[in-house]
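What follows is each chain in one-letter form.
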Amino acid sequence: MKISVIGAGVMGARVTEVLIKGGHDVVMIDTNRDHATGSLNRIVADLAIGIEKGKLTKEESDAALARITISNMCSDAAGSTLVLECINEHLDDKVTLLKQLDTILDEDCIIGTNTSALPISEIARAVPHRADHILGVHFFNPAHIMKLVEITRTISTDQSVIDTVVDIMKGVDKHPIVVNEGAGFVVNRILIPEINEAIGIYADNIASPSDIDRAMQLGAGMKVGPLHTADLVGLDDILSDLSNMYEETGDPKYHPHPLLRKMVRAGLLGQKSGRGFFTYKYPFGPEVPGGELKIK
């Protein structure tokens, strides 16, 4: 089965890694070929760590890498059984991509969007004759580690399409849950407002970022606290999700906290920029002890 992953950012790279380890031939496509090459290097590094930890053999790693092709042309998605779109969380960009794919893909190709908050039916409107073959396939960061995948159906998605994608996800050692379309789906509908509230607690000078996270870990059983989670996901993505959910529902609980907007404007995006509520040695690097944010 040929699968194409479009968008070779952190999420696209890790989704590709999951699929090639699961035995699928994957074309990882990004308009910036250097970007795609960098993501391939990230996959190589991940597999090397897996060998070091005894989770796979050198032969298994080599076989997985042989299944990946990188490209900067969407036309190379032709002939795919499944296309997974992992580009940025902007509706207009996703709509433009779907219109482009419509001229390339076979009629029965399944298109999955990795959106975490955008309304999938709105994306599907770009190609209404394909609406029954479009669904949400939402991986969680880091995708090569997190087991959950939210499979989201719209009012138009065919059940056979849902069943096919569920089987594919189970085959690559993921745990899919099938949900109906709704703002934030399941996880983000709970998690994103929690992060927003944690930001408000810090902005109100009630507790430090590390103490807020420690409180939720020791008092609520969270493995990772909400502000470290925000840094991992990316504060720009948190802001985008909140904005999309607020626009979709009008519910004030999804209104982004002003501090979140200020941090995004200042480029404090979390691990991807090297600094968010906590400081990291370099983008995606280890955390610097005592490097938590101080509001001046």
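Cut-off values and rules
- Residues numbered from 1 in each chain as written.
- Predicted model: local features only at pLDDT ≥ 70, side-chain atom pairs only at ≥ 80, totals over all residues.
- Heavy atoms only, no water.
- UniProt positions renumbered as here; feature names shortened; annotations may be inferred.
- Helix = DSSP H or I, 4+ residues; strand = E, 2+ residues; numbered from the N terminus.
- Buried < 20%, exposed > 50% of the residue type's maximum accessible area, 1.4 Å probe, protein only.
- Contact = heavy atoms within 4.5 Å.
- 1 Å grid on protein atoms, 1.4 Å probe; cavity = no way out; pocket = protein on both sides within 12 Å on 5 of 7 lines; lining within 4 Å.
- Points joined across faces, edges and corners; volume = space filled by probe spheres on them.
- Salt bridge = Lys/Arg side-chain N within 4 Å of Asp/Glu carboxyl O.
- Phe/Tyr/Trp six-rings, centres within 6.5 Å; stacked < 30°, edge-to-face > 60°.
- Lys NZ or Arg CZ within 6 Å of the ring centre and 35° of its normal.

With that settled, consider the UniProt feature "domain: 3-hydroxyacyl-CoA dehydrogenase C-terminal" (unreviewed entry) in the chain. Sites flagged by UniProt as "domain: 3-hydroxyacyl-CoA dehydrogenase C-terminal" (unreviewed entry) map to residues 184-280. A distance of 28 Å separates the end C-alpha atoms of residues 184-280, which is 62% helix and 0% strand.

This next bit is on helix α9 (residues 226-233). The complete set of buried residues in α9 reads P226, L227, T229, A230 and D231. Tucked into the core, α9 has its buried residues touching α7 (187-203), α8 (209-220) and α10 (235-249). Looking at the residues trailing α9, positive phi occurs at G234, about 110°.

Each pocket or cavity is described by its volume, and for the largest pocket that value is around 1,300 Å³. Forming the walls of the largest pocket are 45 residues, and the residues nearest its centre are M11, F140, N141, L232 and V233. Of all the secondary-structure elements, those providing two or more residues to the lining of the largest pocket are α1 (10-21), α2 (33-52), β6 (134-139), α7, α9 and α10. The element that contributes the greatest number of residues to the lining of the largest pocket is α7, accounting for six residues.

Turning next to the UniProt feature "domain: 3-hydroxyacyl-CoA dehydrogenase NAD binding" (unreviewed entry) in the chain. According to UniProt, the "domain: 3-hydroxyacyl-CoA dehydrogenase NAD binding" (unreviewed entry) feature falls on residues 2-181. As a span, residues 2-181 carries 39% helix and 22% strand, and end to end its C-alpha atoms are 27 Å apart.

Per the stated rule, a full pass over the model turns up eleven salt bridges. In this structure, the salt-bridge partner of K272 is D236, at a minimum N-O distance of 3.0 Å. Taken as a pair, K272 in the segment after α11 (258-265) and D236 in helix α10 lie far apart in primary sequence, 36 residues in all. Looking at D236, the relative accessible area reads 25%, which means it is partly exposed. One salt-bridge network, held together by shared partners, links E85, E89 and K94.

The full count for this structure, using the stated rule, is one aromatic pair. Measuring from centroid to centroid gives 6.2 Å for Y202 and F277, while their planes differ by 80°, and the two rings are edge-to-face. In this pair, Y202 sits in helix α7 while F277 sits in the segment after α11, placing the two residues 75 residues apart along the sequence. For the pair formed by Y202 and F277, the shared burial category is buried. In this arrangement the basic side chain of R42 is found over the ring face of F284, its NZ or CZ atom lying 6.0 Å from the centre.

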